[in-house]
Amino acid sequence: MVCATLIAVTASASPATARATIGPSFARLDLNALRTQAGLPPVRRFSGRLNRGCRQHNRYMAATGEFGHTERRGSRYYTAGGARAAQRSVIAMPQTLPSAAWGDSVYHRIAMLQPRLRRAGFSANSGFTCMQVLSGVSRSRRARTAQPAIFSWPPNGSQGHAPTFGGGEYPDPFDDAPGAGELGTPITFNVNGPWRYWPLVRSSVTTATIVSDVGEPVPVSVSDMSAANAAYLQGGFALLPRQSLEPNTWYTATASGSINYLSRSWDFSTSTRFRTGDEAL
């Protein structure tokens with residue numbers, strides 16, 4: 001199973017943002033701004049059919065009080081399009097932009113930054129945000145890379161990232177960092193490569209470090225193919241700082257290991273350097 005079973009991120013948003021009408025065109029610009037920063041191709045379009053499915057599922061959740069990835073067939077609010085969207089989307093509350101809903105997350109962010117995502121659906125209505133991310137992952141050869149490629153978030157050289165993970169994601173990243181009292185901003189890595197069927201890709205991390213520019217190491221847990229939440233990684237992996245990072249500080253995160261697809265394996269070594277912002281972010 002992949003991210004179809006992601007339950008929710010509870011995003012924080014101002015009352016004005018939560019009440020605002022955010023259309024798919026604006027949401028696609030917001031999503032593609034993140035993807036551009038990560039070095040990823042843009043999502044080309046938000047499909048009207050997929051947008052409608054998300055809108056229907058948001059209405060279902062608002063009417064029934066059932067926040068999740070299913071719709072009961074016996075409910076008067078059930079729709080076939082909404083049920084499909086429920087299973088193929090990331091969802092959040094309240095209604096907001098993709099960057100606000102899933103930027104501070106692990107598994108939802110990995111789904112949003114899937115390298116082969118080319119078509120999606122979006123709706124922010126009825127107090128919820130829904131974006132279909134499984135229906136539009138390309139299977140074409142053009143979406144592949146000749147060799148394994150790794151895309152990090154935070155992007156290399158970027159600044160202003162929250163020092164502390166805000167929480168509110170299910171599945172819970174703390175499950176992959178047992179015993180941690182808090183987490184620093186999660187560092188996620190999406191992968192692409194020559195493989196045909198991306199859900200069969202698995203990443204295994206053998207070494208991982210997070211170190212500040214003044215040489216202070218940060219204890220780290222790894223979310224990869226051996227972790228509790230491996231099913232939600234879409235072949236990628238994440239480094240989870242086991243404490244809050246210092247504000248306004250540069251950090252370098254490094255990881256090495258292997259990317260595995262059926263009987264093939266590729267060794268990798270990757271890093272990203274980023275700067276945190278103020279504690280209040």
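None of the values given here were measured: they were computed from a predicted structure.

Moving on, we come to the overall build of the chain. The helix and strand inventory of the chain stands at six helices and 14 strands. For a compact globule of 281 residues, the expected C-alpha radius of gyration is about 19 Å, and the chain comes in at 18 Å, within 12% of that figure. Within the chain, contacts between residues separated by at least 24 positions form 73% of all contacts whose residues are at least 6 apart in sequence. Surface summary for the chain: the accessible area is close to 12100 Å², and the carbon and sulfur share equals 49%. Between the centroid of the 28 positive side chains of the chain and the centroid of its 16 negative side chains there is a distance of 21 Å.

Pairing is antiparallel across the open sheet formed by four strands, whose spatial order is E6-E9-E12-E11. A strand with exactly one partner marks an edge of an open sheet, and here the two such strands are strand E6 (149-153) and strand E11 (220-223). Direction aside, the axes of adjacent strands within the sheet are offset by 20° on average. Where E6 meets strand E9 (residues 187-192), five bridges bridge the pair, whose relative direction is antiparallel. Bridge pairing in E9 links Phe151 to Asn190.

A word on the nonpolar core. Within the largest apolar cluster, 46 residues are counted, with the highest numbers of intra-cluster contacts made by Phe46, Met131 and Trp195. A total of five residues in this core trace back to one element, the largest contributor, which is strand E13 (residues 250-261). Those residues in contact with Met131 that lie beyond four places of it in its chain are Leu31, Phe46, Cys54, Arg88, Ser89, Val90, Pro98, Trp102, Met112, Ala120, Gly121 and Phe122. By size, the runner-up hydrophobic cluster in this structure holds 11 residues, among which are Ile110, Ala180, Ala238 and Leu240.

Our focus in this paragraph is the packing of aromatic side chains. Considering all chains together, one arrives at nine aromatic pairs under this definition. An aromatic cluster is built from Phe189, Phe237 and Phe268, whose rings are joined through pairwise contacts.

Moving on: the pairing of strand E5 (residues 128-132). When you tally the buried positions in E5, you get five out of five residues, the bulk of the element. Side-chain alternation along E5 places Phe128, Cys130 and Gln132 on one buried face and Thr129 and Met131 on a second face that is also buried. Where strand E3 (residues 89-93) lies against E5, four bridges are found, and the strand directions are antiparallel. Counted as the bridge partner of Ile91 is Cys130 from E5. Between strand E4 (residues 119-125) and E5, which follow one another and run antiparallel, lie two residues, and Ser126 among them has a positive phi close to 55°.

Here Asp224 shows up in the loop between E11 and strand E12 (237-241). Within the buried set, Asp224 has no salt-bridge partner at all; the shortest N-O distance to an opposite charge, 10 Å, is to Arg202. If sequence neighbours within four positions are ignored, Asp224 has contacts with Ser203, Ser204, Val205, Ala230, Leu233 and Phe237.

On the surface, Arg45, Arg49, Arg52, Arg55, Arg59, Arg84 and Arg88 cluster together to form a positively charged patch. Looking at the positive patch, the elements that each hand over two or more residues are helix H3 (48-64) and helix H4 (80-88). By residue number, the principal contributor to the positive patch is H3, which donates four residues. Residue placement: Arg49 occurs in helix H3.

What the rule picks out here adds up to two salt bridges. For Glu66, the salt bridge identified is with Arg72, shortest N-O distance 2.7 Å. Note on Glu66: relative accessible area 26%, which makes it partly exposed. Put simply, Asp213 and Arg273 hold a salt bridge, and the shortest N to O gap is 2.5 Å. Taken as a pair, Asp213 in the loop between strand E10 (201-212) and E11 and Arg273 in strand E14 (residues 264-276) lie far apart in primary sequence, 60 residues in all. Taking the relative accessible area as the measure of exposure, Asp213 reaches 44% and is therefore partly exposed.

Along the chain, Thr79 falls in the loop between H3 and H4. As for Thr79 and Ala92, which are separated by 13 residues in sequence, their C-alpha atoms are 19 Å apart. Not counting residues within four places of it along the chain, the set of residues in contact with Thr79 comprises Gln56 and Glu71. Looking at Thr79, its side chain comes within polar contact range of the side chain of Gln56, at 3.4 Å. Here the side chain of Thr79 touches Gly82 through a polar contact of 2.9 Å, landing on its backbone nitrogen.

Cut-off values and rules
Residues numbered from 1 in each chain as written. Predicted model: local features only at pLDDT ≥ 70, side-chain atom pairs only at ≥ 80, totals over all residues. Heavy atoms only, no water. Helix = DSSP H or I, 4+ residues; strand = E, 2+ residues; numbered from the N terminus. Rg over C-alpha atoms; globule rule 2.2 N^0.38 Å. Contact = heavy atoms within 4.5 Å. Areas by Shrake-Rupley, 256 points an atom, 1.4 Å probe, with all protein chains shown as cover. Lys, Arg positive; Asp, Glu negative; His and termini not counted. Charge placed at Lys NZ, Arg CZ, Asp CG, Glu CD. Pairing = 2+ DSSP bridges. Axes fitted to C-alpha atoms, helices over the stretch in contact; angles between N-to-C directions. Core = buried A, V, L, I, M, F, W, Y, C linked by side-chain atoms within 4.5 Å. Buried < 20%, exposed > 50% of the residue type's maximum accessible area, 1.4 Å probe, protein only. Phe/Tyr/Trp six-rings, centres within 6.5 Å; stacked < 30°, edge-to-face > 60°. Salt bridge = Lys/Arg side-chain N within 4 Å of Asp/Glu carboxyl O. Patch = residues over 30% accessible without salt bridge, like charges linked within 9 Å, V, L, I, M, F, W, Y side chains within 5 Å. Polar contact = N/O pair within 3.5 Å; in protein donor to acceptor, adjacent residues only side chain to side chain.

The values reported here are purely geometric and, on their own, carry no functional implication.
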